[in-house]
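Chain and residue survey
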Amino acid sequence: MATFELYRRSSIGMCLTETLDEMVSNGTLSPDLAYQVLVQFDKSMTEALETQVKSKVSIKGHLHTYRFCDNVWTFILQDAVFKSDECQEQVKKVKIVACDSKLLSQ
């Protein structure tokens, strides 16, 4: 299964990366094993989002910047409102990165 490394930039991905770096620096973990953990994290996040997330969210806001490079869309929204069936949240600024999942099967 091919995956994107997008989720490494999420909060949990950054924490995992920092922890693995610390363990490699301390000699607790080999660099190869740390890399294998990150690859498994990428696979697990992709699978979990595909199979376990069923809710839908609508997003409205002011489009500040957009970019399309290497089949990856990046959107920066300001004063965005996220709405789901259960709740509504407003955020000052949000960055959304979107990739075509069909590229994973190539």
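This section reports on the structure supplied with the text. (Residues numbered from 1 in each chain as written. Predicted model: local features only at pLDDT ≥ 70, side-chain atom pairs only at ≥ 80, totals over all residues. Heavy atoms only, no water.)

All right, on to the pairing of strand β3 (residues 88-99) then. Across eleven bridges, strand β2 (residues 72-83) lies against β3 in antiparallel orientation. Paired with W73 across the strands is A98, a residue of β3. (Pairing = 2+ DSSP bridges. Helix = DSSP H or I, 4+ residues; strand = E, 2+ residues; numbered from the N terminus.)

A contiguous nonpolar surface patch, about 430 Å² in accessible area, is contributed by L63, Y66, F68 and W73. The dominant element in the nonpolar patch, judged by the number of residues it contributes, is strand β1 (residues 58-69), at three residues. Within the fold, L63 resides in strand β1. (Patch = residues over 30% accessible without salt bridge, like charges linked within 9 Å, V, L, I, M, F, W, Y side chains within 5 Å. Areas by Shrake-Rupley, 256 points an atom, 1.4 Å probe, with all protein chains shown as cover. Salt bridge = Lys/Arg side-chain N within 4 Å of Asp/Glu carboxyl O.)

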